[in-house]
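Secondary and tertiary structure notes
What follows is the residue order along each chain.
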Amino acid sequence: MSAADETATAAASGAAATERFHHDKSPYDAVKDTPKERVDLLAREVIGAIHETIRKHQVTYDEYNALKAWLIQVGADGEWPLFLDVWVEHVVEDVATADRKGSKGSIEGPYYAPNAPERGADAELPMREDEAGTPLLWEGAITSVDGTPLAGTVELWHADSDGFYSQFAPGLPEWNLRGTFTTGEDGKFRIRTIQPAPYQIPTDGACGKLIAAAGWHAWRPAHLHVKVSAPGHQQLIAQLYFPGDPHNDDDIASAVKPELILSPVTQADGSAKIDYSFALDPQED
Ligand code: DHB
Ligand code: FE
């Protein structure tokens, strides 16, 4: 493979994210009983909000045509998952989890892959032999909101120390920094991994074009992604962040919450130790 083939591109990661989305879910099935009235209401209000913006800001034909070209490019680049997960998902997550009493969640983002290798309750996340980055030791437990320990799973995935995700950037082993940890009756887990780098969403595709044209930045703070599951409980999807990251306060995906910021303690050997546990809400009837 040439050096050029090894370069991460927006089109390649976008295409992979789009393919992954279609592969994992059948999004229409879950809403097949939605009444016409609700579809009509939501579609009318979204389209109406666009009309209102055009009138309010006197949008020109040149701007309309640029928008049309850009929307076509988002699709061509496979960047709809990226666009939606960065600028829309956080509000859906807020609404979906507003009634929860347990741990706070956050957006899933476009880079989850199901069925990551099972590692038990006390193990290292799959990684390369020479994986770069500060070693991280994470101890925690899964409990119910009342404190009862739960046998369940923590699925963990995160970027490497260059900000790249396996399966979405070239040149990484398939399951690099992706794993499933299964807890016993005591709910406890202990995971060894490395600290991920801050992550810049791809800037060479349609989303990057918007970011540049609007004078925004493309950064997400460094983060660990988790899905935590246990029988009889609502699945928790969250991201955990590191204190002091310059982008905790201006995450492009608006997905940071104060409860999700870790308190790592540096050990004598230079590694960092974190304690963070998950309290799951019981399933709704
Ligand atoms: C995106 C990437 C992430 O790692 C994430 O957590 C959320 C969004 C993105 O590129 O869209
Ligand atoms: Fe991420």
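Residues numbered from 1 in each chain as written. Chains lettered and ligands numbered in written order. Predicted model: local features only at pLDDT ≥ 70, side-chain atom pairs only at ≥ 80, totals over all residues. Heavy atoms only, no water.

Averaged over every residue, the pLDDT of the chain is 94; the share at 70 or more is 97%. Counted against residues more than four places away or in other chains, residues 1–5, with its pLDDT under 50, gives two contacts. (pLDDT = per-residue confidence, 0-100. Contact = heavy atoms within 4.5 Å.)

Around ligand 1, the surrounding shell holds 13 residues, and the nearest of these are Val86, Tyr165, Tyr199, Arg220 and His225. Tyrosine 199 has a polar side-chain atom sitting 3.1 Å from an oxygen atom of ligand 1. In the model, an oxygen atom of ligand 1 is placed 3.1 Å from a nitrogen or oxygen of the histidine 223 side chain. For ligand 1, whose unbound accessible area comes to 290 Å², protein coverage reaches 100%. A majority-of-atoms criterion places ligand 1 in the largest cavity. Elements with a contribution of two residues or more to the shell around ligand 1: α4 (80–87) and β8 (223–229). (Near = heavy atom within 4 Å. Polar contact = N/O pair within 3.5 Å; in protein donor to acceptor, adjacent residues only side chain to side chain. Areas by Shrake-Rupley, 256 points an atom, 1.4 Å probe, with all protein chains shown as cover. 1 Å grid on protein atoms, 1.4 Å probe; cavity = no way out; pocket = protein on both sides within 12 Å on 5 of 7 lines; lining within 4 Å. Sits in = over half its atoms within 2 Å of the grid points. Helix = DSSP H or I, 4+ residues; strand = E, 2+ residues; numbered from the N terminus.)

Sequence positions flagged by UniProt for "domain: Intradiol ring-cleavage dioxygenases" (unreviewed entry) are, in local numbering, residues 107–281. Helix makes up 5% of residues 107–281 and strand 33%. Its end C-alpha atoms lie 17 Å apart. (UniProt positions renumbered as here; feature names shortened; annotations may be inferred.)

The subject of this paragraph is the UniProt feature "domain: Catechol dioxygenase N-terminal" (unreviewed entry) in the chain. Following the UniProt record, the feature "domain: Catechol dioxygenase N-terminal" (unreviewed entry) maps to residues 37–103 here. The straight-line gap between the two end C-alpha atoms of residues 37–103 is 34 Å; of that span, 81% is helix and 0% is strand.

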